[in-house]
Amino acid sequence: LFWVYYYFLTAGFEFIWLNWPFPNWVWYKRLSTSFITELGLLFIKIPTTYLILFIISKFQFKKKASLLMVICISLALFFAIIVYRPLVYFLYNPYLYYNIRNESLYDINRCVTAFVDLIFAAGIAFAVKQYFLQFLWREKESKLINEKLSAELKFLKAQINPHFLFNTLNNIYALARKKSEDTPEVVLKLSSMLRYMLYETKTEKVTIEKEIQLLEDYVEIEKIRYSNRLNISFTKEIDDSKTLIAPLILLPFVENAFKHGASESRFDIAITLSLKLISNQLEFIVTNTKEEHSLEIIDNIGLSNVKRQLELTYEKYDLKIENRETNFKITLTISL
């Protein structure tokens, strides 16, 4: 395809140039002469070009080989000109251009013209080759980056599961110590959540309704654990329950609310969850009360992971974590 394009390009240049020395020629004679001329020269330009590209590929990445590369390219052009000039001198001039041979076979000016013609073909070919190599390199680099990010996301999800499991098992342990009748129900809900985490979060996106169900199951487990001490509300306003979202992106914020609200408090605690999803714009607000002596939020595994997941998955998002006097508040907005 490159040589077809080059052939028509140079034939067009030749057609325009012939109007200067042969203004009386009709257009179709100039056109046929141009195509015949360039077709014959292609048999010299093509092997010369590939020879030059081969020489460059052998020497361009080797240190202290620049001089040797120049010498080899010069020799290739020298021998190409030795073939180029007789073709023009003995065939084109007398039979196509009807010129009187008023210059020598290897006239210096004609040899320079041949040199420019050959180096022009090789230069364009080299530029096109470098462009496609760079394109392929960028494509390969992009693929490697995507594979790396995909592997990192899988690693982050794998970290979240044990982190969640650790917290929930602590809850079950607390219930078992009290010999609570709710222990089997909690284990059943945990089993359901783990099934979801193991089998349904392998895809890049899940529906928002599945993520909501995960949050509700987690909240139910925590309700059983804290009983009357917990005052929790979960409001939802969603225009399309089939909207897709990255899996396990919301759960760490709810876990964090219980960790810094319920488990660190000796008194009644209040947690409010608000989820709005309108026209693919998600807003998730989590607020939990705290005791006055509570420390700043420590950037634990759950929050660190979810921050990194947000960076890898979404271009447009905003995450605000506020440590107020009486409560913690997390506001997450994502353009899905």
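What this report covers is the structure whose coordinates are included nearby.

Along the chain, V286 turns up in strand β5 (residues 281–289). When near neighbours in sequence (up to four residues on either side) are disregarded, V286 contacts F253, A257, T272, L273, F328, K329 and I330.

Strands sit in the order β2-β4-β5-β7-β6 across an open sheet of 5 strands; the sheet is mixed. Two strands in the sheet have a free side with no partner beyond their single neighbour: β2 (230–238) and β6 (317–323). When the angles between neighbouring strand axes are averaged without regard to direction, this sheet yields 5 degrees. Pairing analysis gives 8 bridges linking strand β4 (residues 269–278) to β5, with the strands arranged antiparallel. Its bridge partner lying in β5, I271 is registered against N288. Against the sheet, helix α6 (residues 208–226) makes contact with β2, β4 and β5, and its axis sits at roughly 170 degrees relative to β2, the strand it touches most.

Turning our eyes to something else, we now look at the packing of helix α1 (residues 2–17) against helix α2 (residues 27–59). Each pair of packed helices can be summarised by the angle the axes make with each other and by the distance between the axes. Viewed as axis vectors pointing N to C, α1 and α2 meet at an angle of 135 degrees, and their least axial separation amounts to 8 Å. With respect to α2, the axis of α1 lies oblique. Where α1 crosses over α2, the two elements pack in a sense that is right-handed.

Now for helix α3 (residues 66–97). Taking 1.5 Å of rise per residue, 32 residues should cover 46 Å, yet α3 covers just 41 Å from first to last C-alpha, more than 12% shy of that figure. A positive backbone phi angle near 55 degrees is found at Y98, which sits one or two residues after α3.

Within the secondary structure, K45 is located in helix α2. Those residues in contact with K45 that sit more than four places away from it in its chain are W3, Y6, E38, D117, L118 and A121.

What counts and how
Residues numbered from 1 in each chain as written. Predicted model: local features only at pLDDT ≥ 70, side-chain atom pairs only at ≥ 80, totals over all residues. Heavy atoms only, no water. Helix = DSSP H or I, 4+ residues; strand = E, 2+ residues; numbered from the N terminus. Contact = heavy atoms within 4.5 Å. Pairing = 2+ DSSP bridges. Axes fitted to C-alpha atoms, helices over the stretch in contact; angles between N-to-C directions. Parallel < 35°, antiparallel > 145°, perpendicular 65-115°, else oblique. Left-handed = near helix turned anticlockwise from the far one by under 90°. Expected span 1.5 Å × (residues − 1).

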